[in-house]
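Structure at a glance
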Amino acid sequence: MRVLLLGSFDIRDDKDQPVELAGARLRALVARLAFEAGREVSADALTDAIWEDDAPSANALQALVSRVRKAIGTDKVARGAAGYRLDVDPGDVDLVRFERLAEAGRRGGDLAALREAEALWRGPALADLLDYRFAQNEAVRLERLRTETTRDRLALEVATGTDVLAELEPLAAAHALDERWQALLMRALYSTGRPAEALDVFEQTRERLADELGADPSSELAELHLRILRQSAAPAERPARRSNLKSQLTSFVGREDDLAALVEAVSSARLVTVTGPGGAGKTRLATETAARIAAGGAAPDGVWFVELASTTDGTDVAPAVLRAIGAREAGLLEPSSHDAASRLEEYFADQDALIVLDNCEHQLDGVADLAARLLGSCPGLRVIATSREALAIGGEHLYPIPPLPLSETDPASSPAVRLFVERAAAVRPGFKLDASNTEAVVEICRRLDGLPLAVELAAARMRALDAAQIASRLDDRFALLAGSDRTAPARHRTLSAVIAWSWELLSDAEKTLAMRMSVYPAGLALERIDDLDALAGLVDKSLVDRDGERYRMLETIRSYAVARLEESGNAEAVADAMAKHCLEMAESSDAELRTAAQIEAMARLTAEHGNLVTVIGRAVAVADAETGLRMVAALFWYWHLLGSHTEFRHWTLAVLAVPAEIPEPLQAAALILEGIAATEREGYAAGEAAIREGVAMGGGLEAGPARFLVSMGPAFLPDAPPADQRGLDGWELGTALLISAAAGSVLGGLEGAAPADRAEAVFADLGERWGLASSLRIKAERLGWEGRHEAAQEASAEAARLLDELGTRGDASEAYAELAWWYARNGAVAHAWEALERGLALAEAAREPNSLAYARWFRLPVLVSEGRYAEALDEIPAAERSLDGAPNLGERMRVLSASFKDLIVLLQGEGKATAIAGLSPHHIEGAAVADIAMASRISAAIDLADGDPAGAARKLGFGRAVLGIDDGRGYDEDLHTDQRTREALDPEAFREAYDRGAALGREDAVAVLIGK
């Protein structure tokens, strides 16, 4: 037997059937006994609880116990020495089970336990026993514990990277003076990239505490505020993010058995497709299943939800998955050797992960192709798809979702009725199923065939109507529609009917807004909605959902509204207005991507992405080359910051293929876009001519995305020219300087890296993070060459922080790895390992091969700095294997690996140093001058050890010549190569040999280092 008190009083027998217990005192007696299930409660305590100050006759309690025994069973209430005992397992009393789960979740950080604890609540505790003092006191305690449990659960959700702001913000507002809630809200805001709002929460809390309590914030809240100001708080948890599932705002009702069955199906089949008509609840069931799997730890490498409703064609599917998991196809400004699908194969190759592909019917062929490809190449991956029809690929397990069942004998326990009652109570507080409304509610659920969306839409009408009125209107609606389409499936007719009925109850303003919103598949932000009364009406009627800070329609309802828009004759005008707004927003956001508002602009474009590509798709369909080109140009930098190369190429080529004349102001942009798309797919040579022509043509363009493309074009050329600074300012000047410094530092050393200082100043003035961080990385490298290790560490740390804040995980991982080098060099080995672990975590999260290989390699110098030479040598084979398939990076890193191998041999004083001499010419030819300088210095030490001080002096001179300075990074300071070489030669001989080396150039590196 189960006793349920977290909500209205309820008793369930061993078959989970309700046990009728008439009379408030009978229920109060069972409830008081249930508080201490399995333990004796004294007769005095029971009497006091039930009759309070109105003492009954001596036999009253005994009589009450006899009536309870008749209802629930004589054996369930046992007589003790001084009282009575409810003979049930404490775990069968929901409030006891709740307390146990809450305690276990709090102590062990068990998110699944906390979620299960919260799921036990069906409404206010002891809701129908609050006339009793003992119940009032217990309810207050339980509600307080419920609030604490929710806070504990949300804290764990935030720590694992889940966005819970939609649920957390109203709770924090309700506890405005509770600093624990405000601290949690600050962390949640910061972890979702909104530090300014997190700081605002602190200021508002500080003012409230001062005004209402005359108190200052606690030291804990003040410390969190300081850490956020220093940019060192919650983002450190981001690499642990393994899910993008959102917390649900409503309980999951009616499909508990389906949930268990689907979890089991996913455990035995790698592709499970949940099928059913629109409104059947496929998405919610799949989401709950994924959450259950995530909580159980069966997908340790990630559970990802991918919404496909806003995709425009099959090529959008793989990029949509990449966006959902937060991965890029390649590093920034690197040619992409893969398309998005190949990148996903690489990402999930060795992961035990789960993907939920929702609304697959929109792109059935594209989803089927991608699912088959990923499941074939990623053995640990599982997929749940939701679709109105099967994907029809090998290995697919279908799970047709049935209607919610309706019991004729016990309607109150029926899932469909339970769903209606719970949703109705949300809009009509106090609504319960009783004799006066049961027949009408059952009729509603039967007429709606148990379709969850239809049931919820009908329940939403309980704000204004009662159940009988709703049932009668459904009768009218069905009679009206009975002859409209008898060939359609019954459930489709039913759902169409209930949506049509809800639609006709809308005001004209609500219909107008709904039709306008229907063309925005990604929803709308509040500031884009003028008629807030109409919006409130649509939300109240369950036709529009709030999704974070945006408002959007369920796909089934949106499709209905689109059809009504087409019938109205206003579809073209609404679509044109959408295109105009989206284009203006994209172009203004593009400009902000190169300012201090960069993070906000990234978030805005991400939120609007589905709408933006819809505009491009329509432009292609109607041959509107101007809109398409302007939109692609505006999204170019956003796509590249995200690493969405496949998406960029797809839409660029689609727009360029439009059979329409390109307006003159866009012709230069079109050429550069064409060239960059070819370069990314086929290499520098494929797009070089188009890029050069576009850059030459676009010299006089006004500010905007087209001019930005002209300034970026040289970055995609094989020989980026020196910065032409005439007429350039702002971000364009900084970018030209950065491009020059990046190429110059690789090819020209100290002098070539010099423009990075000016670039840094430009980007710092703009507040633009990516350019500033990139400049600082070059600056840190140059400072290291100069021997200024502390300054190099500071520059490197700032670069890592900025990139981390921006969210470009691949770039941030590399910056943290470089920072580890400087920490180790400066003797802060513990900090070095912390930085390296952060870099590796980010690289693992991004799963960009080059970034991962780069970050892993930096374990080598940190180990060497600690004198852990054997471990460092053991590390090298794995580091080199990780470089396989990493173009450009592989060459230069192998030169560095060889240098460290020989350095370790020299430091140990054992064996023969032969690694540098064994390099292939193409490795040396692909290396940067700093790598060549390091190899030269270590080769000089080898020559010195072999008795050739003149050869050593020559290589020291060569190293200085290629780098432009004696390499001051200090990796070889324990060898004292310079000093010992000078001591081994007289000054004239040293100078002569040194000058011979210094007369050589980079092109002589192969001959100097390996004698070929």
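Thresholds, definitions, all that
Residues numbered from 1 in each chain as written. Predicted model: local features only at pLDDT ≥ 70, side-chain atom pairs only at ≥ 80, totals over all residues. Heavy atoms only, no water. Helix = DSSP H or I, 4+ residues; strand = E, 2+ residues; numbered from the N terminus. Buried < 20%, exposed > 50% of the residue type's maximum accessible area, 1.4 Å probe, protein only. Core = buried A, V, L, I, M, F, W, Y, C linked by side-chain atoms within 4.5 Å. pLDDT = per-residue confidence, 0-100. Contact = heavy atoms within 4.5 Å. Axes fitted to C-alpha atoms, helices over the stretch in contact; angles between N-to-C directions. Parallel < 35°, antiparallel > 145°, perpendicular 65-115°, else oblique. Left-handed = near helix turned anticlockwise from the far one by under 90°. Pairing = 2+ DSSP bridges. Phe/Tyr/Trp six-rings, centres within 6.5 Å; stacked < 30°, edge-to-face > 60°. Expected span 1.5 Å × (residues − 1). Right-handed = clockwise from strand over helix to strand, strands pointing away. Salt bridge = Lys/Arg side-chain N within 4 Å of Asp/Glu carboxyl O. 1 Å grid on protein atoms, 1.4 Å probe; cavity = no way out; pocket = protein on both sides within 12 Å on 5 of 7 lines; lining within 4 Å. Points joined across faces, edges and corners; volume = space filled by probe spheres on them. Nonpolar A, V, L, I, M, F, W, Y, C, P; charged D, E, K, R; others polar.

1. Some remarks on the environment of Ala500
Relative to the helices and strands, Ala500 is located in helix 20 (residues 490–504). Exposure remark for Ala500: the relative accessible area of 7% places this residue in the buried category.

2. Thoughts on the environment of Gln204
By secondary structure assignment, the location of Gln204 is in helix 9 (residues 195–213). In the structure, Gln204 is positioned 22 residues away from Gln182 in sequence and 9.6 Å away in space, judged by C-alpha atoms.

3. Notes on the nonpolar core
Here is a general trend for soluble globular proteins: nonpolar side chains tend to be buried in one another's company. Counting residues in each nonpolar core, the largest one holds 167 residues, and the members touching the most others are Met517, Met631, Phe636, Trp637, Trp639 and Trp857. Counting 50 residues, the second largest nonpolar core, distinct from the first, contains Phe252, Val274, Val417 and Ala424.

4. Examining the confidence of the model for the protein
Across the protein, the average pLDDT comes to 84, with 92% of residues at or above 70. In the predicted structure, residues 232–241 sits below a pLDDT of 50 and forms 28 contacts with residues beyond four places in sequence or in another chain. Note on residues 477–493: pLDDT is under 50 here. Beyond four places in sequence and across chains, it has 17 contacts.

5. Looking at the packing of helix 44 (residues 949–963) against helix 45 (residues 977–984)
Where helix 44 contacts helix 45, the axes come no closer than 9 Å and their chain directions differ by 135 degrees. Considering their axes alone, helix 44 and helix 45 lie oblique with respect to each other. You can see that helix 44 and helix 45 cross each other, and the crossing is left-handed. For the pair helix 44 and helix 45, the contacting residues are Pro949, Ala952, Ala953 and Leu956 in the first and Thr977, Asp978, Thr981 and Ala984 in the second.

6. Overview of the sheet that holds strand 13 (residues 550–552)
Strand pairing in a sheet relies on backbone hydrogen bonds. The paired strands run either parallel or antiparallel. Read across the open sheet, the 3 strands follow the order 11-13-12; overall the sheet is antiparallel. The two strands at the open ends of the sheet, each matched to only one other strand, are strand 11 (524–525) and strand 12 (545–547). With 3 bridges joining them, strand 12 and strand 13 adopt antiparallel strand pairing. Residue pairing in the sheet places Asp547 in a bridge with Arg550 of strand 13.

7. So, the packing of aromatic side chains
Going through the model one piece at a time under the given rule, you end up with 20 aromatic pairs. For the ring pair Trp637 and Phe708, a centre distance of 5.7 Å and an interplane angle of 70 degrees mean the geometry is edge-to-face. Placement of the pair is Trp637 in helix 26 (residues 625–642) and Phe708 in helix 30 (residues 705–712), with a sequence separation of 71 residues. A centroid spacing of 5.6 Å and a plane angle of 25 degrees characterise the contact between Phe990 and Tyr994, whose relative ring orientation is stacked. With Phe990 and Tyr994 both in helix 46 (residues 987–998) and 4 residues apart, the pair spans about one turn of that helix.

8. Re helix 1 (residues 24–35)
For helix 1, which comprises 12 residues, the first-to-last C-alpha distance of 17 Å matches the rise-based estimate of 16 Å (1.5 Å per residue) to within 8%. The buried count for helix 1 comes to 9 of 12 residues, which makes it a mostly enclosed element. Among all positions in helix 1, only Leu26, Ala28, Leu29, Val30, Ala31, Arg32, Leu33, Ala34 and Phe35 are buried.

9. A short note on the pairing of strand 9 (residues 381–387)
Strand 9 sits mainly inside the fold: 6 of its 7 residues count as buried. Here strand 8 (residues 353–358) pairs with strand 9 via 5 bridges, running parallel. Within strand 9, the position partnered with Leu357 by the bridge is Ala385. Tracing the backbone out of strand 8, into helix 15 (residues 364–377) and back to the parallel element strand 9 gives a crossover that is right-handed.

10. Re the pairing of strand 8
Taking burial as the measure, the 6 residues of strand 8 include 6 buried ones, the bulk of the element. On strand 8, burial covers both faces: Ala353, Ile355 and Leu357 on one face and Leu354, Val356 and Asp358 on the other are all buried. Bridge analysis of strand 7 (residues 303–307) against strand 8 gives 5 bridges, and the strand direction is parallel. Pairing of Val306 across the sheet is with Leu357, part of strand 8.

11. Some words on the environment of Asp10
Among the secondary structure elements, Asp10 is positioned in strand 2 (residues 10–12). Counting along the chain gives 205 residues from Asp10 to Ala215, while the straight-line C-alpha distance between them is 45 Å. Sequence-distant contacts of Asp10, defined by excluding residues within four places in its chain, comprise Arg2, Val3, Leu4 and Pro18.

12. Considering the pattern of salt bridges
Enumeration over the complete set of coordinates arrives at 55 salt bridges. Of the charged contacts, one joins Asp258 and Arg255 as a salt bridge, the two residues approaching to 2.9 Å between their closest N and O atoms. Here Asp258 and Arg255 have matching classes, each one buried. We note a salt bridge from Glu805 to Arg769, for which the minimum N-O separation is 2.5 Å. Linking Glu805 in helix 35 (residues 789–806) with Arg769 in helix 34 (residues 769–785), this pair joins segments that are 36 residues apart in sequence.

13. Some details on empty space enclosed by the protein
Under the defined criterion, the tally for this structure stands at 2 cavities of 30 Å³ or more. Approximately 40 Å³ is the volume attributed to the largest cavity. Surrounding the largest cavity, Ile499, Trp503, Leu506, Ala514, Leu538, Leu543, Met553, Ile557 and Tyr560 form its lining. Of all the secondary structure elements, the ones that give two or more residues to the lining of the largest cavity are helix 20 and helix 23 (555–568). Estimates place the volume of the second largest cavity at around 30 Å³. Lining the second largest cavity are Ser310, Thr311, Asp316, Arg323, His609, Gly610, Val613 and Glu647. Per-element tally for the lining of the second largest cavity: the top contributor is helix 25 (residues 598–621), with 3 residues. Here the lining of the second largest cavity is composed, by residue class, of 1 nonpolar, 4 polar and 3 charged.

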